[in-house]
2 protein chains.
Amino acid sequence: MRTTFIRMITVLMLLPVISTAVKAQPARQPQFESPKVNPDNSVTFKLYAPAAKEVKLNAQFLKSPAPMSKDSAGVWSITTEPAKPDMYPYAFIADGITVADPKNQYLFPNEGFQNSLVEITGSTPLIHTVQNVPHGTVSSHIYYSPELGARPVMIYTPPGYEKDNAKKYPVLYLLHGTTDVEETWTKVGRANIILDNLVAQSKATPMIIVMPYGRAYPVISKSSGSLRNWENLQEFKKDFFNNLLPFVEKNYRTINDKEHRAIAGFSGGGGTSLYFGLNNPDKFSWVCGFAPGMLKEEFDRNNAVAFEDASKTNERLKLFWIGVGKEDGLYPVIADYLKLLDDKKIRHETFISDGGHTWMNCKLYLATIAQKLFK
Amino acid sequence: MRTTFIRMITVLMLLPVISTAVKAQPARQPQFESPKVNPDNSVTFKLYAPAAKEVKLNAQFLKSPAPMSKDSAGVWSITTEPAKPDMYPYAFIADGITVADPKNQYLFPNEGFQNSLVEITGSTPLIHTVQNVPHGTVSSHIYYSPELGARPVMIYTPPGYEKDNAKKYPVLYLLHGTTDVEETWTKVGRANIILDNLVAQSKATPMIIVMPYGRAYPVISKSSGSLRNWENLQEFKKDFFNNLLPFVEKNYRTINDKEHRAIAGFSGGGGTSLYFGLNNPDKFSWVCGFAPGMLKEEFDRNNAVAFEDASKTNERLKLFWIGVGKEDGLYPVIADYLKLLDDKKIRHETFISDGGHTWMNCKLYLATIAQKLFK
């Protein structure tokens, strides 16, 4: 019997029973696909959870979690209303427990929560849609910090980088948000695909994009207290300038002056990009914040160099750009900051978009600034 | 109040409330770390699930799922017995629902299930432990198939690849198991780190490793039936030889003859590597299967070229290697296959290890064959 059973499942080329997963579910699960984007841009989501009493879908294109219904095989499902084409995070809530979609390999890289990603392509390719254009390369590297040890970084090189060994490129340092990780900008932000598409359309200057793990250590691993993120930021600053930047400039064909270095980031990483960029005028002429995390009481401290002499700041910055959504919880503090920049006569561009603190907005902001950088 | 609240959470640099996660959990969760490897190689796992009635830990170093206990804040936890140093998949089972660890960014890339990964390093670095040695680069690429569209592939180049533009390298094509994806060999199999370490110890020839998405399409997206995997395999074969191989040899400095091409794979991908390798004697002189998926009734069909003339087969193969664990569900069919190879006088090396159908064994098998290839 056992042999027959093993044969039967090897006909299926080693589906669940001979699986490398830790074995939790019954051996024979119903086969299904999730998520499935329908032609009208509605999406069908499914989860096998025969023991659950209540399962909801929580997706960023829904106003609130939507109840799913269970069939006789224990598979919960829902088909949503048509959604606006974009790539959205989602998760299931099964009896109060958040679960990413086990049938979907596309996960939101993060160390604070688990969400899956669904891409609704629509009829016209979006700027982050994979299209048959020349593609750059995303490489993962490890560099070393004497204090912090092995550090991961993802590096995008534009199409053609490998072909011409003499050509040098400008560099965008791109920081993720709090609890995100070094892969979030490519996997959720599609930074590489956005640049591939913009370069193919001659709308962006080919550039290298450097996406490090944007903290010294996970926030949760240090004792709490209001100073802990300042310490983390100081340690990351040291790592960024002493280890990461030299690693990039040693291993890639970069143009090593401030006119050819940009820094941008989202949320916590947006605050960091402003802090690193504005306080290091010899390093960066292009500074962008995407819904940058900031505190009013830190405005003076974190902007010390930029505020010292506005005309000097305006002279050296080729772009100082801030984007934020009207529904973002950070909008009020960022609005205060923008007003302060006006008062101080520090030139800046703003992009007040619809929506909230989302990676849908992040993709839009990156696609916007990528068309401005190094021009 | 709202402003105060937002300030308070921005002090924490945008922790859960201003988060890009779909909002499912209450705003203020207790802060904790999971997993935490203790000095004695025991591990503490935690999950915030205040509404759950029962939570278990399912880890591949445990014989069976172990009950966790809940504290007053709704955090379930367990500290295991000390475990043998290795990297293991695990998940939680909360009221019957399998959940990867939301606090752990290290996930098992897969489209059939979700597991997290915990690394128990121990006092001596293992062959897959990240060490401060020269590191190669893992790059993700997209190539195109006229039939299948955009196709992902991960490519490892050894340390020093970028430094000498004249040097060419042998290539190992490395296939994942069923429901695994193109990132499984690096993230779960640590193929890049194993090679970095072996090259640093002068135990392996520096090589390029090509890790494609090893199917034409996810198994579940086609109607079922016993032939479906054969069709999938035929479509992937076409893609592999017509699109992937030319893409690699056009874009990398490869040595393009059979003596400098190897193919290996795990589970379903092990079956594929034998099928591709043995039936294409002009392409591969090095053929390895790690617990290769196979069916007794397909032995003749899938080995047609190799079985035709054993002495010719023995002459052209520099290595024909099969590894499997004694507790692997596939052991009986692989044992039959090995016996058939003996009967046919086809020379092969075998490695019958302890353990089952696991990525712990996969890492061991890769570290073993990598010391034999291209020598």
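The model shown is predicted, which means the values in this text are computed figures rather than measured ones.

1. Some remarks on helix 3 (residues 191-200) of chain B
Working note: α-helix, 3.6 residues per turn, so residues spaced by three or four point in the same direction.
Inference 1: Extensive coverage of helix 3 of chain B is indicated by the burial of 9 of its 10 residues.
Inference 2: Taken as a whole, helix 3 of chain B has its buried residues at B:Ala191, B:Asn192, B:Ile193, B:Ile194, B:Leu195, B:Asp196, B:Asn197, B:Leu198 and B:Val199.

2. Some remarks on the sheet that holds strand 5 (residues 69-70) of chain B
Residues and elements named next belong to chain B.
Inference 1: Reading across the sheet, the 4 strands line up as 1-2-6-5 and stay open at both edges, with antiparallel pairing between neighbours. Each end of this open sheet is capped by a strand with a single partner; those strands are strand 1 (36-37) and strand 5.
Inference 2: The pairing of strand 1 with strand 2 (residues 43-48) spans 2 bridges and is classified as antiparallel. Considered in strand 2, the bridge of Lys-36 is made with Thr-44.

3. Here's the deal with the sheet that holds strand 5 (residues 69-70) of chain A
Residues and elements named next belong to chain A.
Inference 1: Overall, antiparallel pairing links the 4 strands, which are arranged 1-2-6-5 in an open sheet. Of all the strands in the sheet, just strand 1 (36-37) and strand 5 have a single pairing partner and so form its edges.
Inference 2: Relative to strand 6 (residues 75-79), strand 5 runs antiparallel, the two sharing 2 bridges. Counted as the bridge partner of Lys-70 is Trp-76 from strand 6.

4. Let's talk about a positive patch on the surface
Inference 1: A surface patch of like charges, here positive, comprises A:Lys53, A:Lys70, B:Lys53 and B:Lys70.
Inference 2: Since its relative accessible area comes to 42%, B:Lys70 is described here as partly exposed.

5. Brief notes about helix 5 (residues 268-278) of chain B
Inference 1: Most of helix 5 of chain B sits out of view: 11 of its 11 residues are buried.
Inference 2: Buried residues of helix 5 of chain B: B:Gly268, B:Gly269, B:Gly270, B:Gly271, B:Thr272, B:Ser273, B:Leu274, B:Tyr275, B:Phe276, B:Gly277 and B:Leu278, and no others.

6. Some remarks on the pairing of strand 13 (residues 208-212) of chain B
All names here are of chain B.
Inference 1: With 5 of its 5 residues buried, strand 13 lies for the most part within the structure.
Inference 2: Burial of strand 13 is two-sided: the residues Ile-208, Val-210 and Pro-212 facing one way and the residues Ile-209 and Met-211 facing the other way are all buried.
Inference 3: When strand 11 (residues 149-157) meets strand 13, the two strands line up antiparallel, connected through 4 bridges. Within strand 13, the residue paired with Ile-155 across the bridge is Val-210.
Inference 4: Note: strand 12 (residues 171-175) against strand 13, 3 bridges, orientation parallel. Paired with Tyr-173 across the strands is Val-210, a residue of strand 13.

7. Quick notes on the domain arrangement of chain A
Residues and elements named next belong to chain A.
Inference 1: According to the domain assignment, chain A contains domain 1 (32-120) and domain 2 (137-370).
Inference 2: Averaged C-alpha coordinates put domain 1 and domain 2 at centres separated by 31 Å.
Inference 3: Every contact between the two is made by 13 residues of domain 1 and, on the other side, 15 residues of domain 2.
Inference 4: For the pair domain 1 and domain 2, the summed buried surface comes to about 1100 Å²; carbon and sulfur atoms form 57% of the total.
Inference 5: When the buried area of domain 1 at its contact with domain 2 is split by residue, Met-87, Pro-109 and Glu-111 rank highest and sum to 50% of it.
Inference 6: At the surface where domain 1 touches domain 2, the tally comes to 3 salt bridges.
Inference 7: Between Arg-190 and Glu-119 there is a salt bridge, and its shortest N-O distance comes to 2.8 Å.

8. A short note on the packing of helix 3 (residues 191-200) of chain A against helix 10 (residues 359-370) of chain A
Residues and elements named next belong to chain A.
Inference 1: For the pair helix 3 and helix 10, interaxial distance at closest approach is 10 Å and the crossing angle is 40°. When the axis of helix 3 is compared with that of helix 10, the two are oblique. Judged by the sense of rotation from one axis to the other, the crossing of helix 3 with helix 10 is right-handed. Across from Ala-191, Ile-194, Leu-195 and Leu-198 in helix 3, the residues of helix 10 making contact are Lys-363, Leu-366, Ala-367 and Ala-370.
Inference 2: The residue inventory of the contact of helix 3 with helix 10, partitioned by class, reads 7 nonpolar, no polar and 1 charged.

9. Comments concerning the pattern of salt bridges
Residue and element names in this part refer to chain A.
Inference 1: According to the stated counting rule, one finds 29 salt bridges over all chains in the structure shown.
Inference 2: The closest approach of N and O atoms between Glu-259 and Lys-258, which form a salt bridge, is 3.3 Å.
Inference 3: Residue Glu-259 is classed as partly exposed on the basis of its relative accessible area of 29%.
Inference 4: Overall, Lys-258 belongs to the partly exposed group, its relative accessible area being 27%.

10. Some words on the environment of B:Lys258
All names here are of chain B.
Inference 1: Position of Lys-258 among the secondary structure elements: in the loop between helix 4 (228-251) and strand 14 (261-266).
Inference 2: Along the primary structure Lys-258 and Lys-237 are separated by 21 residues, whereas in three dimensions their C-alpha atoms are 17 Å apart.
Inference 3: Here Lys-258 is in contact with Pro-281, Asp-282, Lys-283, Phe-284, Ser-285 and Trp-286, once residues within four sequence places are set aside.

11. Brief notes about the pairing of strand 2 (residues 43-48) of chain A
Working note: regular strand, side chains alternate between the two faces of the sheet.
Residues and elements named next belong to chain A.
Inference 1: Most of strand 2 is tucked away: 5 of the 6 residues are buried.
Inference 2: The antiparallel hairpin formed by strand 1 and strand 2 contains 5 residues in its connecting segment, where Asn-41 sits at a positive phi of about 70°.
Inference 3: One ladder, built from 5 bridges, connects strand 2 with strand 6; its direction is antiparallel. Following the sheet pairing, Thr-44 is matched in strand 6 by Thr-79.

12. Digging into the packing of aromatic side chains
Inference 1: Taken as a whole, this structure holds 58 aromatic pairs over all chains when the rule is applied.
Inference 2: Measuring from ring centre to ring centre gives 5.2 Å for B:Phe299 and B:Tyr337, while their planes differ by 55°; the resulting arrangement is tilted. Placement of the pair is B:Phe299 in helix 6 (residues 299-302) and B:Tyr337 in helix 9 (residues 331-343), with a sequence separation of 38 residues. One exposure class covers both B:Phe299 and B:Tyr337, and it is buried.
Inference 3: Pairwise contacts between aromatic rings join A:Tyr173, A:Trp230, A:Phe236, A:Phe240, A:Phe241, A:Tyr275, A:Phe276 and A:Phe284 into one cluster.
Inference 4: For A:Arg301, the ring lying beneath its charged end belongs to A:Trp230, and the centroid distance is 3.4 Å.

Conventions and cut-offs
- Position labels on residues start from 1 in each chain and follow its written sequence.
- Lettering of chains starts at A and numbering of ligands starts at 1, both following the order in which they are written.
- Totals for whole chains, interfaces and linings use every residue, but because this is a predicted model, local features are given only for residues with pLDDT of at least 70 and side-chain atom pairs only at 80 or more, for both listing and counting.
- As a rule here, side-chain values cover all heavy atoms of the structure and leave hydrogens and water aside.
- Residue exposure (1.4 Å probe, protein chains only): buried if accessible area is under 20% of the type maximum, exposed if over 50%, otherwise partly exposed.
- In DSSP terms, a helix is any run of H or I states spanning at least four residues, a strand is any run of E spanning at least two, and both are numbered starting from the N terminus.
- The criterion for strand pairing is that DSSP finds at least two bridges linking the strands in question.
- Exposure above 30% relative accessible area and the lack of any salt bridge qualify a residue for a patch; like charges then connect within 9 Å, and the nonpolar side chains Val, Leu, Ile, Met, Phe, Trp and Tyr within 5 Å.
- To measure how exposed things are, a 1.4 Å probe is used in the Shrake-Rupley method; for residues, cover is taken only from the protein chains shown.
- Salt-bridge detection follows one rule: a side-chain nitrogen of Lys or Arg within 4 Å of a carboxyl oxygen of Asp or Glu.
- When charges are counted, Lys and Arg are positive and Asp and Glu negative, with His and the chain ends excluded.
- A charged residue contributes its charge at one atom only: NZ of Lys, CZ of Arg, CG of Asp or CD of Glu.
- Boundaries between domains were set according to an automatic or database domain assignment.
- Contacts are assigned to residue pairs with any non-hydrogen atoms lying within 4.5 Å of each other.
- Summed over both partners, the accessible surface that disappears when two parts come together, traced with a 1.4 Å probe, is what is meant by buried area.
- Axis geometry follows a simple rule: fit a line to the C-alpha atoms, using only the stretch in contact for helices, then measure angles between N-to-C directions, giving values from 0 to 180 degrees.
- For this classification, under 35 degrees means roughly parallel, over 145 means roughly antiparallel, 65 to 115 means roughly perpendicular, and everything else is oblique.
- A clockwise turn of the near helix away from the far one marks a right-handed crossing, whereas an anticlockwise turn of less than a right angle marks a left-handed crossing.
- Residues are grouped as follows: Ala, Val, Leu, Ile, Met, Phe, Trp, Tyr, Cys and Pro are nonpolar; Asp, Glu, Lys and Arg are charged; every other residue, Gly included, is polar.
- Side-chain rings of Phe, Tyr and Trp, where Trp is taken by its six-membered ring, are said to pair if the distance between their centres is within 6.5 Å; with planes under 30 degrees apart they count as stacked, over 60 as edge-to-face, and otherwise as tilted.
- Comment: the charge-over-ring label is applied if NZ (Lys) or CZ (Arg) is within 6 Å of the ring centre and within 35 degrees of the ring normal.

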